[in-house]
Every structure is written in C-alpha cells, then in structure tokens.
Amino acid sequence: MSPRKRILSGIQPSGAIHIGNYFGAIENWVRLMDDYECFFTIVDLHAITISYDPKLLQRRVWDAVLDNMAAGLGPKKCTLFIQSHVPEHTELCWLLNCVTPLGELNRMTQFKEKSEQERENVTAGLLNYPILQAADILIYRADAVPVGEDQAQHLELTREIARRFNGRFGGYFPEPATLVGRGARILGIDGAAKMSKSLGNAIGVTEDPDAIWEKLRPAKTDEARKRRHDPGEPDRCNIYSYHKLATPEAERAEIARGCRGATIGCIDCKKIFHRNLMAVLDPVRERRQALARDPEAVREALRQGAERARRVARETLDGAKKLMGLL
Ligand code: TYM
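Each residue is numbered by its place in its chain's sequence as written, counting from 1. In keeping with the predicted nature of the model, local features appear solely for residues at pLDDT of at least 70, side-chain atom pairs appear and are counted solely at 80 or more, and the whole-chain, interface and lining totals rest on all residues. Only hydrogens and water are set aside when side-chain values are computed; all heavy atoms of the structure are taken into account.

Trainee: Tell me what's going on with the pattern of salt bridges, and back it up with residues and numbers.
Mentor: Between Lys or Arg on one side and Asp or Glu on the other, a salt bridge is scored when a side-chain nitrogen of the former is within 4 Å of a carboxyl oxygen of the latter. Scanning the model with the defined rule gives 29 salt bridges in all. Residue E88 pairs with R310 through a salt bridge whose shortest N-O separation is 3.0 Å. With E88 in helix α4 (residues 88-97) and R310 in helix α13 (residues 295-323), this pair connects stretches of sequence that are 222 residues apart. Only protein chains enter the accessibility calculation, which uses a 1.4 Å probe; a residue whose area is less than 20% of its type maximum is buried, one above 50% is exposed, and one in between is partly exposed. What makes E88 buried here is its relative accessible area of 2%. Since its relative accessible area comes to 36%, R310 is described here as partly exposed. Linking E88 and R314 is a salt bridge whose minimum nitrogen-to-oxygen distance equals 3.4 Å. Of this pair, E88 sits in helix α4 while R314 sits in helix α13, placing them 226 residues apart in sequence. Among the residues examined, R314 registers a relative accessible area of 31% and is labelled partly exposed. Here the salt bridges share partners, and the residues they tie into one network are E88, R310, R314 and D318. A run of DSSP states H or I qualifies as a helix once it reaches four residues; a run of E qualifies as a strand once it reaches two. Both are numbered from the N-terminal end.

Structure below.
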C-alpha cells in the first residue's frame, strides 16, 4: 500500500474562530483527515508578528485549540499541535531565509496591508512571516495545503522557496499544491469585506445562537429588496451566499425562487439560514463545552501532537542542514 499523501495547514490564534475559517478551511480539514496524513497547527509564532498582549495571547491560543478540537480535529485522526512547541519550524525558517529573495517578501499583499495597519511597529518578523509559513509546510514535506483563497499568494511563495532550495541544494522539498475548500472567500456580515475577526464583521463558530441572530437580523441583503414585496436576485445577496454553506440544495432552490418572486422576505430567509447554521454549529459548541471541562485531556493531546510532529520535523531539518553544508 502506498503511503498516504500528507497535508499541513495552520490557523492563527487571533480570537474565536469564525464561520469564514470554518467553511473556508476547517470543515475541509476534517473531511481530508480520512484520506491524508494530516498535520494542523495553531500558529502562535505568526501571531506575535503584530502588536499583541502576552496575557491575551495565552488565552487565545487555548481558545483556538478548543475551537479546532471541537470542530473535529481530534488527536486520533490528525497531528494537532502548537507551532512554538515544535522549535524545528523556526530553525528551518532561518535556513529558508537564506534562499528567499527580499523582493518577493516586499510584494506580499498581506505584508502591505498589515504594515499599513501597524505603521509604528513594522517588524522584520512581519516581513518574514511568509518564510515561517513556508517552513511550517515544507518541514513536513507536505503534498498539499488546504486553505482559503486569501492564502494563495503565500503558498505560491512557498513553492518558489522550495524551488529555489531544490535548485541550489538538490531536489528535497515537494512543491505543495493549494487545496481550496468550498467557501474559498466568505464575506463578513457587512457584505463588503472578507470575514475577519479584526474587521468586526465575523460570526463566531461557538457564539451564542441568539447573539448570532442579532448579527444576522440587520445584515445586508440584495439592495433591490427595499420592501417586502420587491423581488430580489439571490446571486447579489450575501445571505444567499451563506445559504450555500449550510442549506441543502433543494431548500436553497426554494429560497432562490421565493426571493425572485418576493414570496419570502429577507427576514424569513435569514431565519432559515440561522436554523441550518445552528444545525452545523450546535454540536461544535457542545463539544467545546465538554473539552473545556477536561483541560488535562486537551493538554495531553497537545503533548502527543507536538511529539509526533517533532519526530517528522527533526528528520526533515537534519536532511536540509546536511544538504546546505552544515556540519
Ligand atoms: P488565518 O488564521 O487567517 O486563517 C485560517 C484559515 O481560514 C481561512 N479563512 C477564510 N476562508 C474563507 N473566507 C474567509 N473569510 C476566511 N478567513 C480565513 C484562511 O484562508 C486559512 O486557511 N497565514 C495563515 C496561517 C498559517 C498557515 C501556515 C496556513 C501559518 N502557517 C501554513 C497554511 C499553512 C493565516 O493567517 O490564516
């Protein structure tokens, strides 16, 4: 039997995970665990590349672990670990620093956006962020990386770094493919920007159902539907794009007809979405509560995850150092 292909992906501990993360990435990760050997990491070292509060970071890392485990990333089916618990990532990052052209880093969209927000505190860490991301991936010699569309540029750079390393020192790293899930780019409830914790337009995966309804109720729909009897166009409506994530196809077709014929209103449409979303999120929220009651089991899962990850990471790192001529 040929060995299973390997994937790695990561998520920043930047607050409770939202449905953009869930449908854009995590749901896909859970599905892929049956067919791939999977490594998933909470990237705490990436989170310190911008201004942050150390006490808050600890809590956020823990929250991210609980959220991801509750979403289905159990230690039995994948290797889940905290990035800083596997120091080999930062060591490989240094090696890759020495094959990455500066110009490539300067043109990264995320760097440009973040350095705009961080004006007073643009660090070398922020510039080098994508090299650490490349190290996260290449250290497991991953075949593929499941992410949302916003990570495509970083993955292109990862492949470029792999090519440069291979060209200079001999074929060593596979060039990982990008696997985009069905929610490649989920908009926030403002219907304007990508859903993102920092923009305040996110629906949290483990948020209280009533709080989620309070966000959905005033959320933007098709502007053409100013009054209840105005017909609308589902393809212009952000709520309809959410239905594609959680509502079965037959019910969705009915909603589309109802919207075009103005037989259902936007509030009805949102209620249906809320009900279907809760069917997905209720079990996640319940699992999270159970995990929070047993922190020792969570810590043990993380210990095991880091140990497994380190075994693989160490081997790749040793091979890379040898190829680079380090004694
Ligand atoms: P992060 O933490 O911003 O996001 C985690 C995952 O969620 C996806 N995502 C979305 N997908 C669709 N619509 C959205 N609105 C949305 N918001 C987030 C992201 O594409 C991502 O897949 N740099 C990475 C973390 C990282 C990483 C890695 C990823 C570090 N090392 C190695 C892959 C492999 C990031 O900031 O993701």
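Trainee: Tell me what's going on with the site of the ligand, and back it up with residues and numbers.
Mentor: The environment of the ligand is formed by 27 residues, the closest being Q12, Y129, D136, G148 and D150. Whenever two N or O atoms come within 3.5 Å, that pair is a polar contact, provided that in protein one can donate a hydrogen and the other can accept it, and provided that, for residues adjacent in sequence, both atoms are side-chain atoms. At a separation of 2.8 Å, an oxygen atom of the ligand approaches a polar backbone atom of Q12. Q133 places a side-chain nitrogen or oxygen 2.9 Å from a nitrogen atom of the ligand. Each accessible area is a Shrake-Rupley result for a 1.4 Å probe, and residues are judged covered by the shown protein chains and nothing else. The fraction of the free accessible surface of the ligand (710 Å²) that becomes covered by protein chains is 95%. Elements with a contribution of two residues or more to the shell around the ligand: β1 (6-11), α1 (19-32), α7 (124-138) and β4 (144-147). Residues are grouped as follows: nonpolar covers Ala, Val, Leu, Ile, Met, Phe, Trp, Tyr, Cys and Pro; charged covers Asp, Glu, Lys and Arg; every other residue, Gly included, is treated as polar. The residue inventory of the shell around the ligand, partitioned by class, reads 11 nonpolar, 12 polar and four charged. Each residue is tested against the molecule or strand, and it is near if at least one of its non-hydrogen atoms lies within 4 Å.

Trainee: Give me the lowdown on the environment of I82, citing residues and values where you can.
Mentor: Looking at where I82 falls in the secondary structure, it is placed in strand β3 (residues 79-82). Between the alpha carbons of I82 and G171 there is a distance of 29 Å; along the sequence they are 89 residues apart. The criterion used for residue contact is that any of the two residues' heavy atoms lie within 4.5 Å. Not counting chain neighbours up to four residues away, the residues in contact with I82 comprise T41, I42, D44, V61, V65 and L302.

Trainee: Hey, could you go over the nonpolar core for me, with residue numbers and the actual values?
Mentor: By size, the foremost hydrophobic cluster in this structure holds 59 residues, and its most contacted members are I19, F40, I203, L216, Y242 and L277. Ranked by residue count, the leading element in this core is helix α12 (residues 266-292), at eight residues. Segmentation of the chain into domains, including their bounds, is taken from an automatic or database domain assignment. Both domain 1 (6-186 + 295-323) and domain 2 (209-288) contribute no fewer than three residues apiece to this core. Sequence-distant contacts of F40, that is, excluding residues within four places in its chain, are made with I7, S9, W29, M33, L73, C78, T79, L80 and F81. By size, the runner-up hydrophobic cluster in this structure holds 39 residues, among which are M108, F173, A313 and A320. Among buried residues, those of type Ala, Val, Leu, Ile, Met, Phe, Trp, Tyr and Cys that are joined through side-chain atoms within 4.5 Å constitute a nonpolar core.

Trainee: Let's hear about the domain arrangement of the protein chain: which residues, and what values?
Mentor: For the protein chain, the assigned domains are domain 1 (6-186 + 295-323) and domain 2 (209-288). Taking the mean C-alpha position of each, domain 1 and domain 2 sit 33 Å from one another. Tallying the contact residues gives 11 residues for domain 1 and nine residues for domain 2. Buried surface at the junction of domain 1 and domain 2, summed over both partners, amounts to about 960 Å²; 68% is from carbon and sulfur atoms. Two parts lose some accessible area (1.4 Å probe) when they are put together, and adding that loss for both gives the buried area. The largest per-residue losses of area from domain 1 upon contact with domain 2 belong to I19, F23 and A70, which jointly make up 49% of the total buried on that side. Connecting domain 1 to domain 2 are two salt bridges. With its nearest N and O atoms 3.1 Å apart, the salt bridge here joins R288 to D63. Across the contact surface, domain 1 and domain 2 share five residue pairs in polar contact (both at pLDDT 80 or more). Secondary-structure elements contributing two or more residues to the side of domain 1 that touches domain 2 are α1 and α3 (54-70). The element contributing the most residues to the side of domain 1 that touches domain 2 is α3, with four residues.

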